[in-house]
Amino acid sequence: MKNLLRKILSAACVYYTVGTLLLFLVLAIATANQGPKIPGLFNVILIFPFCLSLSGANTLRASQPFSKTACRFLHFGILLSAFLFFLWLPSNTAKSFGSGLIAALLFSILYWIILGIVTLTVKRFHSFREE
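What counts and how
Residues numbered from 1 in each chain as written. Predicted model: local features only at pLDDT ≥ 70, side-chain atom pairs only at ≥ 80, totals over all residues. Heavy atoms only, no water. pLDDT = per-residue confidence, 0-100. Helix = DSSP H or I, 4+ residues; strand = E, 2+ residues; numbered from the N terminus. Core = buried A, V, L, I, M, F, W, Y, C linked by side-chain atoms within 4.5 Å. Buried < 20%, exposed > 50% of the residue type's maximum accessible area, 1.4 Å probe, protein only. Contact = heavy atoms within 4.5 Å. Axes fitted to C-alpha atoms, helices over the stretch in contact; angles between N-to-C directions. Parallel < 35°, antiparallel > 145°, perpendicular 65-115°, else oblique. Left-handed = near helix turned anticlockwise from the far one by under 90°. Nonpolar A, V, L, I, M, F, W, Y, C, P; charged D, E, K, R; others polar. 1 Å grid on protein atoms, 1.4 Å probe; cavity = no way out; pocket = protein on both sides within 12 Å on 5 of 7 lines; lining within 4 Å. Points joined across faces, edges and corners; volume = space filled by probe spheres on them.

### So, the confidence of the model for the protein
In step 1: Per-residue pLDDT for the protein averages 88, and the proportion of residues at 70 or more is 98%.
In step 2: The secondary structure element of the protein with the lowest average pLDDT is helix α4 (residues 97-130), at 89, and the one with the highest is helix α2 (residues 41-63), at 92.

The structure is reproduced here in structure tokens:
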């Protein structure tokens, strides 16, 4: 149990570092003409629970206690919930139900595209290794 928690926390810290750097990069690019803008401390802190959820979902998916399809949908549900609760709802853009629905739809499309790319890459890698 201790090794599992250590694995989840270490992966979450790596995701948090990358996520925070991406947040600063996106803000630097988006506000290039207006001068530097620093994200609020609350926004930076809320990236960590999302990264913790991402790490836990990845660990669950890798251990595959259920079928592959069930693990994928469980992974998707955990990430969508974490995205909505930790990143979307606390933001200033979450003003109506419609905007949250659009954000969830865009997140879902992006998730399934990335999952497809990763799945195809892994299948091709395994087919090359077998040859």
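Next, the rest of the story.
### Some thoughts on the nonpolar core
In step 1: Counting 14 residues, the largest nonpolar core has L79, L80, F83, F107 and Y111 as its most contacted members.
In step 2: Looking at this core, the elements that each hand over two or more residues are α2, α3 (68-88) and α4.
In step 3: Those residues in contact with Y111 that sit more than four places away from it in its chain are R72, H75, F76 and L79.

### Some remarks on unusual backbone geometry
In step 1: Notably, Q64 is not glycine yet its phi reads approximately 45 degrees, a positive angle.
In step 2: Its location among the elements puts Q64 in the loop between α2 and α3.
In step 3: On the accessibility criterion, Q64 (39% relative accessible area) is partly exposed.

### Digging into the side chain of S55
In step 1: In this fold, S55 is placed in helix α2.
In step 2: You can call S55 buried: its relative accessible area is 1%.
In step 3: Contacts of S55, omitting those with residues within four sequence positions, involve K7, I8, A11, A12 and Y15.

### A few points about the environment of L23
In step 1: Turning to its location among the elements, L23 is positioned in helix α1 (residues 2-30).
In step 2: Since its relative accessible area comes to 24%, L23 is described here as partly exposed.
In step 3: Those residues within four positions of L23 in sequence are excluded, and the remaining contacts are P39, V44 and I47.

### Topic: the packing of α3 against α4
In step 1: Closest axis-to-axis distance for the α3/α4 pair is 11 Å, and the angle between their directions is 140 degrees. Of the possible angle classes, the one that applies to α3 and α4 is oblique. Judged by the sense of rotation from one axis to the other, the crossing of α3 with α4 is right-handed. Together, R72, F73, H75, F76, L79, L80, F83, L84 and W88 of α3 and S99, G100, A103, A104, F107, S108, Y111, W112, L115 and T119 of α4 make up the contact between the two elements.
In step 2: Each residue belonging to the contact of α3 with α4 can be placed in one class, and the counts come to 13 nonpolar, five polar and one charged.

### Side note on the layout of surface pockets
In step 1: Empty space within the largest pocket amounts to approximately 660 Å³.
In step 2: Lining the largest pocket are 21 residues, with L23, P39, N43, I47 and L87 sitting closest to its centre.
In step 3: Elements supplying a minimum of two residues to the lining of the largest pocket: α1, α2 and α3.
In step 4: The biggest single contributor to the lining of the largest pocket is α1, with seven residues.
In step 5: Tallied by class, the residues present in the lining of the largest pocket amount to 14 nonpolar, six polar and one charged.
In step 6: Forming the boundary of the second largest pocket are 13 residues, of which L79, F107, L110, Y111 and I114 lie nearest the centre.
In step 7: Within the residue set of the lining of the second largest pocket, elements represented by two or more residues are α2, α3 and α4.
In step 8: When residues of the lining of the second largest pocket are assigned to their parent elements, the largest contribution, six residues, is made by α4.
In step 9: Here the residues of the lining of the second largest pocket sort into 11 nonpolar, one polar and one charged.

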